[in-house]
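# An overview of the molecular structure
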Amino acid sequence: MSKMRFESYELNEYTEVESVKFPEKIYIAYADCGKSCGYRGFIVDGQTQVCDYCGKLMFRTEVKKCKLIHDENE
Ligand SMILES: [Zn+2]
């Protein structure tokens, strides 16, 4: 269970997005938090490394360039 408490806006306070163009390739990092937390997960490289569970910075163990597949059925 996360120790972090996040606030959100009301739905009508978010900006409206008509369409989004996703990149063809993106760097994904596998990040590891401290031993006392134990959280691990994938993050987009270059974005925040703050752990959702404890709020401390996670360590990027490995980074790979990934090619996105656009599936029109999803
Ligand atoms: Zn953590």
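Predicted, not measured: the structure shown is a model, and the values here were computed from it.

Glancing now at the pairing of strand β1 (residues 25-32). Here β1 pairs with strand β3 (residues 59-67) via eight bridges, running antiparallel. Opposite D32, over in β3, you have F59 as the bridge partner. Pairing of β1 with strand β2 (residues 40-44) involves five bridges; the strand directions are antiparallel. Paired with A31 across the two strands is G41, which belongs to β2.

Turning next to the sheet that holds β3. The strand order β2-β1-β3 describes an open sheet built from three strands, whose pairing is antiparallel. The open sheet has two edge strands with one neighbour each: β2 and β3. Averaged over all adjacent pairs, the angle separating strand axes in this sheet is 25°, with direction ignored.

Assignment of secondary structure puts R40 in strand β2. C-alpha separation for the pair R40 and F59, spaced 19 residues apart in sequence, amounts to 9.3 Å. Non-local contacts of R40, meaning those with residues more than four positions away in its chain, are made with A31, D32 and C33.

What counts, and at which threshold
- Residues numbered from 1 in each chain as written.
- Predicted model: local features only at pLDDT ≥ 70, side-chain atom pairs only at ≥ 80, totals over all residues.
- Pairing = 2+ DSSP bridges.
- Helix = DSSP H or I, 4+ residues; strand = E, 2+ residues; numbered from the N terminus.
- Axes fitted to C-alpha atoms, helices over the stretch in contact; angles between N-to-C directions.
- Contact = placed C-beta atoms within 7 Å.

Scope: geometric values only; no functional claims are made or implied.
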